[in-house]
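Understanding the architecture of this molecule
Chain residues, written in single-letter form:
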Amino acid sequence: MAERAQYVTLGVAEELFAAPVEKVQEILDMRPIARLPQAPAALLGMIDVRGQGVPVVDLRLTLGLPETPDTENTRIIVLALAGRGGDLRLGLRADRVFEVTILDDDALDPAPPVSGLWSGRCIAGIGRRNGRFVTVLELDRLLGDFEAATSQAA
């Protein structure tokens, strides 16, 4: 029997997203973030994870949603991504993290073909979980733009 893909589901605003579990290293409670001068708005700064500096990106701001204050449910998901210069560790701030799960169907639907400025390039696919849409993020594309901004800071 084939192994089904697992995802970490997370929430931002009222939306449900998913990250492939193999890219998630750990999930942290919020902690102080050291700001970086002249960083893009979505690049919140750096956190210390066992002696290593890890840049943190706000998923809300990256998706074009308004900024909100941290709550008791806010988390930082530490991801291992394939950067242009090699492996990249990056923290992703999300409003909440739900669970590690499989989706209702292994097949993901592609991002809808909408013309205009929106490309959907940060979407790996759209699945369903318990009747809700789950947008599976293409993390390397979504966060790849932060690699250059963080490589000098790390």
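Up top is the structure.
Keep in mind that what you see is a predicted model, and the values were worked out from it rather than measured.

Turning our attention to the sheet that holds strand S10 (residues 132-137). Strand order in the open sheet made by the 5 strands is S8-S1-S2-S10-S9, with mixed pairing throughout. Only two strands of the sheet have a single partner each, and these edge strands are strand S8 (96-101) and strand S9 (123-129). Neighbour to neighbour, the strand axes of the sheet diverge by 30° on average, direction disregarded.

Let's shift gears to the side chain of Arg93. On the secondary structure map, Arg93 appears in strand S7 (residues 86-94). Among the polar contacts made by the side chain of Arg93, one reaches the main-chain carbonyl oxygen of Thr68 at a distance of 3.1 Å.

Turning to the environment of Pro110, a few remarks are in order. When you line up the elements, Pro110 lands in the loop between S8 and S9. On the basis of relative accessible area, Pro110 is assigned to the exposed category, the value being 64%. Pro110 sits 13 residues away from Ile123 along the chain, and the two C-alpha atoms are 7.9 Å apart.

Bringing the pairing of strand S4 (residues 43-49) into the picture now. Buried residues dominate S4, accounting for 6 of its 7 residues. Bridge count between S4 and strand S5 (residues 52-58): 6 bridges; the pairing is antiparallel. From the neighbouring strand, Asp48 faces S5, where its bridge partner is Gly53. The turn joining S4 and S5, which pair antiparallel and follow one another in sequence, is formed by 2 residues; a positive phi near 50° is taken by Arg50.

Turning our eyes to something else, we now look at the nonpolar core. Side chains of a nonpolar character, in soluble globular proteins, are inclined to be buried together. Residues Leu79, Leu139 and Leu143 are the most contacted members of the largest nonpolar core, which totals 21 residues. If you list the elements that add at least two residues to this core, you get strand S1 (7-12), strand S2 (15-20), strand S6 (75-83), S7 and helix H2 (139-143). With 4 residues, the top contributor of residues to this core is S7. For Leu79, the contacting residues outside a window of four places in its chain are Lys23, Val24, Gln25, Leu88, Arg89, Leu90, Leu92, Leu139 and Leu143. With 8 residues, the next largest nonpolar core counts Leu28, Leu44, Val56 and Ile76 among its residues.

If you trace the backbone, Tyr7 turns up in strand S1. Separated by 129 residues in the primary sequence, Tyr7 and Val136 place their C-alpha atoms 8.3 Å from one another. Apart from the residues within four sequence positions on either side, Tyr7 is in contact with Ala18, Ala19, Pro20, Val21, Glu99, Val100, Thr101, Leu103, Leu108 and Val136.

As a further point, take the pattern of salt bridges. Taken as a whole and assessed by the stated rule, the structure comprises 11 salt bridges. Note that Asp140 is salt-bridged to Lys23, the shortest N-O span being 2.8 Å. Taken together, the residues Asp140 in helix H2 and Lys23 in the loop between S2 and strand S3 (24-29) connect sequence positions 117 residues apart. Under the relative-accessibility criterion, Asp140 is labelled partly exposed at 22%. Note that Arg60 and Asp95 form a salt bridge whose closest N and O atoms lie 3.1 Å from each other. Taken together, the positions of Arg60 in helix H1 (residues 59-62) and Asp95 in the loop between S7 and S8 put the pair 35 residues apart, joining distant regions of the chain. Asp95 carries the same exposure label as Arg60, and that label is buried. Three or more residues joined by partner-sharing salt bridges are found here, namely Glu26, Arg50 and Arg89.

Further remarks concern the pairing of S9. Pairing analysis gives 6 bridges linking S9 to S10, with the strands arranged antiparallel. When the bridges of S10 are listed, Ile126 appears paired with Thr135. With antiparallel pairing between neighbouring strands as the criterion, S9 and S10 make up a hairpin whose turn holds 2 residues, including Asn130 at a positive phi of roughly 50°.

Rules and cut-offs
Residues numbered from 1 in each chain as written. Predicted model: local features only at pLDDT ≥ 70, side-chain atom pairs only at ≥ 80, totals over all residues. Heavy atoms only, no water. Pairing = 2+ DSSP bridges. Helix = DSSP H or I, 4+ residues; strand = E, 2+ residues; numbered from the N terminus. Axes fitted to C-alpha atoms, helices over the stretch in contact; angles between N-to-C directions. Polar contact = N/O pair within 3.5 Å; in protein donor to acceptor, adjacent residues only side chain to side chain. Buried < 20%, exposed > 50% of the residue type's maximum accessible area, 1.4 Å probe, protein only. Core = buried A, V, L, I, M, F, W, Y, C linked by side-chain atoms within 4.5 Å. Contact = heavy atoms within 4.5 Å. Salt bridge = Lys/Arg side-chain N within 4 Å of Asp/Glu carboxyl O.

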